[in-house]
Every structure is written in structure tokens, then in C-alpha cells.
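Listed here are the chains, written in short residue letters.
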Amino acid sequence: MEPLNSSTPNFYSDLKVLLSQNKDVSVAGNSYDTLLLTLSNPDTEAGKVIHILKDIEENITLLTNEHRPLVQVIMNMNWLERGPELISVFKSCILNLVSAHMFHLKPMLKVLVRRFIQDDKTTDESEKVTKKKEDLLHIHSLIKSLYQLAPTTTLFMLQILEENFPYLNKGVANFEYFTLGALTVSKYMSPLRMDILELVVKNMLKLDVRSSRTEINTVICEPQKESTELEDTLFEMEDGTAGNTSGSVEQRLATALPMAGSLDAMMTLCFQYIKEECFVEDKLNWEVTKKLYREMLSVFDKFIFPTHASCHVQFLIFYICSFKEPLGEGFIDYLWKKVTDPTLQCIYRQTAACYIGSFLTRAKYISLNTSKEVMQLMMKWVHKYLDQTGEQGLNADIAHHGTFYSVCQSAFYIFCFKHNDFMQMKRGHKWAESLNFQRVVTSKLNPLRVCVPIIVKTFASATRMHQLAFCDTIIERNNRYSLPITSSSYQLASSASKQLESYFPFDPYLLPRSGTHITPLYYEFRGSLPEEEELEDEDVDDFLPDEDDEMIPSTNPVSISLVNCPADFLQYGTSPGFKHGYSN
């Protein structure tokens, strides 16, 4: 047989003979090799390739399992680089190939998914971005057509996406383009949407827990002249972080901290995806939004909630809840059910309490009435807890009363943020008196000893101002005693500090690019923090409880300080989730 020549009039018959004889490679001889080389050579003229593909398509039924080398060459050819006519012919050829031989579907999907992050040779950055977007349109067009042709595509797609997700050490562009590709797939393969969201979130969490708040602030914040203590950052929004979208900041972050830069890019895409799914021409589609919210809440419950030291990924649920207040109220209800579920492990109940306190203080879109109702609900639970324990022979013990202390701290934290707003409401002061803070702070369980010091000081200042509770003498006494604590694997306190961790999941958002979606929704602390000052010696107030014999003087009073970075209080306050060796 003569070598294959696609320019000859009898090429069609030659190709048919060649493919039919290829079961015996020795018979095909050089002609089959020539065909492979012609298609695999990137310098082959586009017109010649188009002619060959059309002729192959006419004989598509002959491309059986024995022709895998030829099929692989066709699948891997650089079809996106040779003009619109070749792209159209290639798509048609692949669709007919898969239609005739379904076993080619999975290999073709693998090739297409890998092209999500395949780089081109363009050097100009703007041209590269434009070209990449065009390529992705063609890739998704072909995947969508394959899905319509073969609904079994969903059986392979998720596994292929998971296997090809970039490794942690890959660059920002790889994560950005692959995430964009995966999220786009979920738009036309709706049965896979929640699975794809889980996949993206899992990979973002890997980046998030490896992106130190200290390092991020070092990159995006101007150097601090003086060290800033933990107390300031629990209430103040960092200057020059969220909302700063200058390219230089993003570039510095991507260069200095590639994982944080990748996370920033992925979070941006996820925020955009959520908005595009929920809004049609700037109008909220409520039914679609409710469905996506339920899916996001499921992803949150499965992956984000139990993850230790996550700083940013949880803002996905924060963002979607901003679309309509019932979503935020539903999120609070979901968290409160966890807090009050006696069958749930204590560590998860405490985590849920932390989320409630942080969410209510930081979400601008949550109404004051909702905050008031939740505060009332929390304090009612606290008083019921005190009623049930009876306070007979009780000590302040985080191991046994961790949920109680976490709920108290969250309630104190909310009051620190919103006490002035509460007081300006009609009958606000009378309502605040009904919360009966005095009973809580003077109880034998002594939450002021266990809660984070800055929250205790600010809460004491606020309640003193409104004459709701008087905490100064209790605080002074607590400072003179150490807290006996029963060792336990499930507690939110470190053995050194013997207090609750300063974990508030919605503390300031640091990533500059994606932060533009959060800044308008984010509530910053207003007001002044209490100054450090020596409390004068006072007589013990009548309402103070007697100290128990187990309390002994402390030679090392707790002192938590922070170096350089005002946003890094989480270095000292770790997430309660999965702290003790659990795994996903």
C-alpha cells in the first residue's frame, strides 16, 4: 500500500482500507504510522487535518478498541490552536466517535478536564487571559454536548475532576482556571452541583488551614510600629486589608504566599458563582437561592464546620445568607440546634456557640430585632442551665461545662458589640435588665474567670455603664486565683491559659481580592475598648460568691499578647473543630 496522502482523490478509500486492516499492524505498514504522525504534528496544515478528520468521521464505526493509538492522537491534538473551522470539525468528530463507541467517553473527558489548566504559549498576559476564556468556552461546549449525548457522563466526571485538581504547590493560575472549569461544569451538570461544591470547598480548606493570618497580614498590611495586643483585634477591623483590591497587593500575596493567593482567587470565583446562580438581571430568584443555600449548608456542615483553623472558607455561607434575612435566621437556627443537642459532642456544641456569636456581631444584614431575640434565647438557656445544675458544690470547670461557658462568652461578645443599639430600642434598658446578667456573673460557675479577658473587660465596662451588672470586683478576685480544671480530651481551653479559646469564625476577612464581596456586609466594632488600669482595693461586694477551697493563688496570671500583626489573634485562639485528632 502506498503511503497515505490526504490530497489524493482516493484518500477516502485508502483510509477505509487502512482502518479495516489495522487489526494487523504489519499489514498497515508505514501508512498507519504516517497517519499518526500527520495528526500529532502541530505544524501540520489545518486544512490537511480538517480533511483527515472529516474522512475519519465518515469511517467512525471502524475506530474500534484496536485503534486506541489513533483515537488518543485525535483526542490530544492541539485543536484549539488552529482556527474555528478545525474546532468545529474536531467537535463533530469526537461526538460521532463517542456516539459510535461509548468506551471512548471517559478518556475524552479526562483530556478535556486536563485542558482546564493547560497553558498556552502566549506571552502577553491580557491576550493569555482572553485566549484562555475562549478555549474554556469551546471545552465546556464539547463537554456539555457529550453530557447531552451520554447522560452517563456524570458517572465519570466527578472522579476525573477530583483526580485532576491541582496540587497545593501549583500556581495561582492553575487553581483559578481549574476552579472556574469545575464550577462551570456544575452549571450544566446540575446533578453534580453539590458534589462539585464539596470538591471545591475541600480543596479551599486545604489552602485555608495552611495560610497563616500572621503571614497574610505581613504581606498586605504596612508594618506596625508597635506590637498590637489580642484585646484590640477582637473588636477592631484591620486597616488596609479587606476591601483593598489594588493589583500590587494581590500580586504580592500571590508571590509571597502562593497558597493564600490561590485561596483568594478561588474564593472570588465562588462568590461570583453564588451571585450568578441566585440573581437573574439583578433580581433574586428565591427558589433557586433556597436550593443553593440548602446545598451550601450541607457542604458547610460536612466540611467547614468541623475543620480546625479555617479562617476564610466559612464566609461562603456568610455571603449567601446576606441575600435575604430568612437565610441568616435559618443559619442561626441550624447552629442553635447544635448548641442545644445533648447527643452532640461538646466540642461541636461549643463550636456552634462560637459561630452564633461571631455571625450576629459581624453580619450587617442581621436585624437588631433578630440579635435581640437570639440574645434572649441564649440567656434563657444559660439561666435554665444554672437552675438545673443547682450550683451545689460546683466549680468553674471548662471540661464539664464547656457549652455553658461558650454560650455565655458568645452572649457577652454580642452585648459588647450591640449594647448601645439595644439601649436605644424602645424599653431597651428594661429588656436588658430581664437578661439578669448579674446572676450569671456571680454564679459559682463564674464565667468571667473562663471567658477571654478582653471580652470580660469590655462586657464589664458596658454593663457598668448601663448599671446591668457589676463585674469589677469579681474580675479582681479572679485575677488572684487560678482555675482548677479537670483534664479532658474535649475542651476549648489550653492547659496554659485555662480559659476559652478566642475563636470567632467570622473575624476580619483578610484576602484582598475576594474581600470586596465581604466588606459591604461586614460590621466593624464601634466604640472604645476599656483601658488597662489598676483596680482600687475594694471591700468584697455582698453579691460575690464565697471562694472555694480548691482555688489557689496563681503565680502566673494569664497574659496574652500579640506580636506585629493585629489580625493574628487566631494564632493564640485555635478553632475548636477537629482539634483532637478527628479526620474528615
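This text goes with the structure placed above it.
Residues numbered from 1 in each chain as written. Predicted model: local features only at pLDDT ≥ 70, side-chain atom pairs only at ≥ 80, totals over all residues. Heavy atoms only, no water.

**Student:** Can you walk me through the overall build of the protein in this structure?
**Tutor:** Along the backbone of the protein there are 26 helices and 2 strands. A total of 584 residues make up the protein; the buried ones form 53% of that total. Long-range pairs, those at least 24 residues apart, make up 81% of the contacts in the protein with a sequence separation of at least 6. Counting only carbon and sulfur atoms, one obtains 48% of the accessible surface of the protein, whose full area is about 26400 Å². (Helix = DSSP H or I, 4+ residues; strand = E, 2+ residues; numbered from the N terminus. Buried < 20%, exposed > 50% of the residue type's maximum accessible area, 1.4 Å probe, protein only. Contact = heavy atoms within 4.5 Å. Areas by Shrake-Rupley, 256 points an atom, 1.4 Å probe, with all protein chains shown as cover.)

**Student:** What exactly am I supposed to notice about the packing of helix H20 (residues 368-389) against helix H21 (residues 398-424) here?
**Tutor:** Each pair of packed helices can be summarised by the angle the axes make with each other and by the distance between the axes. Two elements in contact, H20 and H21, have axes separated by 10 Å at closest approach and are oriented at 145 degrees. Considering the relative orientation of H20 and H21, their crossing is left-handed. Considered class by class, the residues forming the contact of H20 with H21 number 15 nonpolar, 5 polar and 3 charged. (Axes fitted to C-alpha atoms, helices over the stretch in contact; angles between N-to-C directions. Left-handed = near helix turned anticlockwise from the far one by under 90°. Nonpolar A, V, L, I, M, F, W, Y, C, P; charged D, E, K, R; others polar.)

**Student:** Would you take a moment to explain empty space enclosed by the protein for this structure?
**Tutor:** A probe matching the size of a water molecule, rolled over the atoms, marks out where space remains unfilled. Evaluated as defined, the whole model comprises 2 cavities of 30 Å³ or more. Of the volumes computed, that of the second largest cavity is approximately 40 Å³. Every residue lining the second largest cavity is listed: Leu183, Leu197, Val201, Cys270, Tyr273, Ile274, Met296 and Leu316. Those elements that place two or more of their residues in the lining of the second largest cavity are helix H11 (193-208) and helix H15 (258-278). Looking at the lining of the second largest cavity, the element that brings in the most residues is H15, giving 3 residues. Residue composition of the lining of the second largest cavity, grouped by class: 8 nonpolar, no polar and no charged. (1 Å grid on protein atoms, 1.4 Å probe; cavity = no way out; pocket = protein on both sides within 12 Å on 5 of 7 lines; lining within 4 Å. Points joined across faces, edges and corners; volume = space filled by probe spheres on them.)

**Student:** Got a minute to help me understand the layout of surface pockets in this structure?
**Tutor:** Within this model, the second largest pocket holds a volume of roughly 590 Å³. As for the second largest pocket, its lining consists of 21 residues, and the residues nearest its centre are Val129, Val172, Glu176, Tyr177 and Arg513. If you list the elements that add at least two residues to the lining of the second largest pocket, you get helix H8 (125-149), helix H10 (172-188), helix H14 (247-256) and H15. Broken down by element, the lining of the second largest pocket gets its largest block of residues, 6 residues, from H14.

**Student:** Please explain unusual backbone geometry as it appears in this structure.
**Tutor:** What is expected of a backbone is that most residues other than glycine have negative phi and most peptide bonds are trans. The backbone of Ala309 shows a phi angle near 70 degrees, a positive value even though the residue is not glycine. For Ala309, the position within the fold is in the loop between helix H16 (286-304) and helix H17 (315-321). With relative accessibility at 26%, the residue Ala309 sits in the partly exposed group. For Gln467, which is not glycine, the phi dihedral falls at a positive 55 degrees. For Gln467, the location among the structural elements is in the loop between helix H25 (453-465) and helix H26 (472-479).

**Student:** What is the right way to read the packing of aromatic side chains from this model?
**Tutor:** Given two aromatic rings, their pairing is described by the distance between the two centres and the angle made by the two planes. This model, assessed by the stated rule, comprises 40 aromatic pairs. Ring centres 6.0 Å apart and planes at 85 degrees place the aromatic pair Phe318 and Phe359 in the edge-to-face group. You can see Phe318 sitting in helix H17 and its partner Phe359 sitting in helix H19 (residues 346-362), a full 41 residues away along the chain. Taking the relative accessible area as the measure of exposure, Phe318 reaches 0% and is therefore buried. Sitting above the plane of the Tyr177 ring, Lys132 keeps its charged end 5.5 Å from the centroid. The positively charged end of Lys338 is found above the aromatic ring belonging to Phe305, 5.0 Å away from the centroid. (Phe/Tyr/Trp six-rings, centres within 6.5 Å; stacked < 30°, edge-to-face > 60°. Lys NZ or Arg CZ within 6 Å of the ring centre and 35° of its normal.)

**Student:** Just checking my understanding: could you explain the pattern of salt bridges for this structure?
**Tutor:** Between side chains of opposite charge, a pair can form when the charged atoms approach closely. Per the counting criterion, the structure on display carries 16 salt bridges. A salt bridge links Lys202 to Glu162; its shortest N-O distance comes to 3.5 Å. Of this pair, Lys202 sits in helix H11 while Glu162 sits in helix H9 (residues 153-164), and the two are 40 residues apart along the sequence. With a relative accessible area of 28%, Lys202 lands in the partly exposed category. (Salt bridge = Lys/Arg side-chain N within 4 Å of Asp/Glu carboxyl O.)

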